[in-house]
Amino acid sequence: MSGQNRKVLSFGPFELSIGNRLLTNGTKVVPLGARAVDILIVLVEQANNVVSRRTLIERVWPRRAVEEVSIRVHISALRKALAESDPTRLSIAN
């Protein structure tokens, strides 16, 4: 198994297992769709940096045309999933 597959990224109360494509909050699994997980991986790897729309598209939808609404829908789902543990905490900023 490669190092990337074993990589676990932690932020706040969450742990994101890259290889398992699994987000947990303590012992609880946070349900996310595949694209939302892809976006979250990019955002967590670039924590505290601005991630451009172009970067998200290149990493999450390589060689595909994508509507801006798709990005908004997945970001909204991520915000909702992350806010369930603490609604006052802003995890993804514009």
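Placed above this text is the structure.
About the criteria used
- Residues numbered from 1 in each chain as written.
- Predicted model: local features only at pLDDT ≥ 70, side-chain atom pairs only at ≥ 80, totals over all residues.
- Heavy atoms only, no water.
- Helix = DSSP H or I, 4+ residues; strand = E, 2+ residues; numbered from the N terminus.
- Core = buried A, V, L, I, M, F, W, Y, C linked by side-chain atoms within 4.5 Å.
- Buried < 20%, exposed > 50% of the residue type's maximum accessible area, 1.4 Å probe, protein only.
- Contact = heavy atoms within 4.5 Å.
- Expected span 1.5 Å × (residues − 1).
- Salt bridge = Lys/Arg side-chain N within 4 Å of Asp/Glu carboxyl O.
- Axes fitted to C-alpha atoms, helices over the stretch in contact; angles between N-to-C directions.
- Parallel < 35°, antiparallel > 145°, perpendicular 65-115°, else oblique.
- Left-handed = near helix turned anticlockwise from the far one by under 90°.
- Nonpolar A, V, L, I, M, F, W, Y, C, P; charged D, E, K, R; others polar.

**Q** Tell me about the environment of Ile41, and please be specific about residues and values.
**A** By secondary structure assignment, the location of Ile41 is in helix α2 (residues 34-45). Counting along the chain gives 20 residues from Ile41 to Arg21, while the straight-line C-alpha distance between them is 8.8 Å.

**Q** Give a description of the nonpolar core that names residues and reports values.
**A** Of all hydrophobic cores here, the largest spans 24 residues; its most connected members are Phe11, Leu16, Leu23, Ile39, Leu40 and Leu82. Mapped onto this core, the elements with two or more residues apiece are β1 (8-11), β2 (14-17), α2, α3 (53-60) and α4 (68-83). Top element by residues in this core is α2. It accounts for seven residues. Not counting chain neighbours up to four residues away, the residues in contact with Leu23 comprise Phe11, Phe14, Glu15, Leu16, Lys28, Val29, Val30, Leu32, Leu40 and Leu82.

**Q** Give a detailed account of α2, specifying residues and quantitative values.
**A** Between its first and last C-alpha atoms α2 spans 17 Å; for 12 residues at 1.5 Å apiece the expected length is 16 Å, and the two agree. All of the buried residues along α2 are Ala36, Val37, Asp38, Ile39, Leu40, Ile41, Val42 and Val44. Each element contacted by the buried residues of α2 is listed here: β1, β2, β3 (22-25), α3 and α4.

**Q** I'd love a proper account of the pattern of salt bridges, names of residues and values included.
**A** This structure, assessed with the given rule, holds five salt bridges. Between Asp38 and Arg21 there is a salt bridge whose closest N-O contact spans 2.8 Å. With Asp38 in helix α2 and Arg21 in the loop between β2 and β3, this residue pair connects regions lying 17 residues apart in the sequence. Across the pair Arg72 and Glu68 runs a salt bridge whose closest N-O atoms are separated by 3.1 Å. Residue Arg72 and its partner Glu68 are both found in helix α4; the two are separated by four residues, about one turn of the helix. One network of salt bridges, in which partners are shared, links Arg53, Glu68 and Arg72.

**Q** Explain unusual backbone geometry to me, using residue names and the numbers behind them.
**A** Of note, the phi angle at Arg21 is positive, near 50°, even though the residue is not glycine. We note that Asn48 has phi near 70°; this positive angle belongs to a residue other than glycine. Its place among the elements puts Asn48 in the loop between α2 and α3.

**Q** Could you give an account of the packing of α2 against α3, with specific residues and numbers?
**A** One way to put it is that α2 packs onto α3 with a least axis distance of 10 Å and a crossing angle of 125°. The pairing of α2 with α3 is recorded here as oblique in orientation. The hand of the α2/α3 crossing is right-handed. Taking contact as the criterion, the partners of Arg35, Asp38, Ile39, Ile41, Val42, Leu43 and Glu45 in α2 are, on α3, Thr55, Leu56, Arg59 and Val60. Along the lines of polarity and charge, the residues of the contact of α2 with α3 split into six nonpolar, one polar and four charged.

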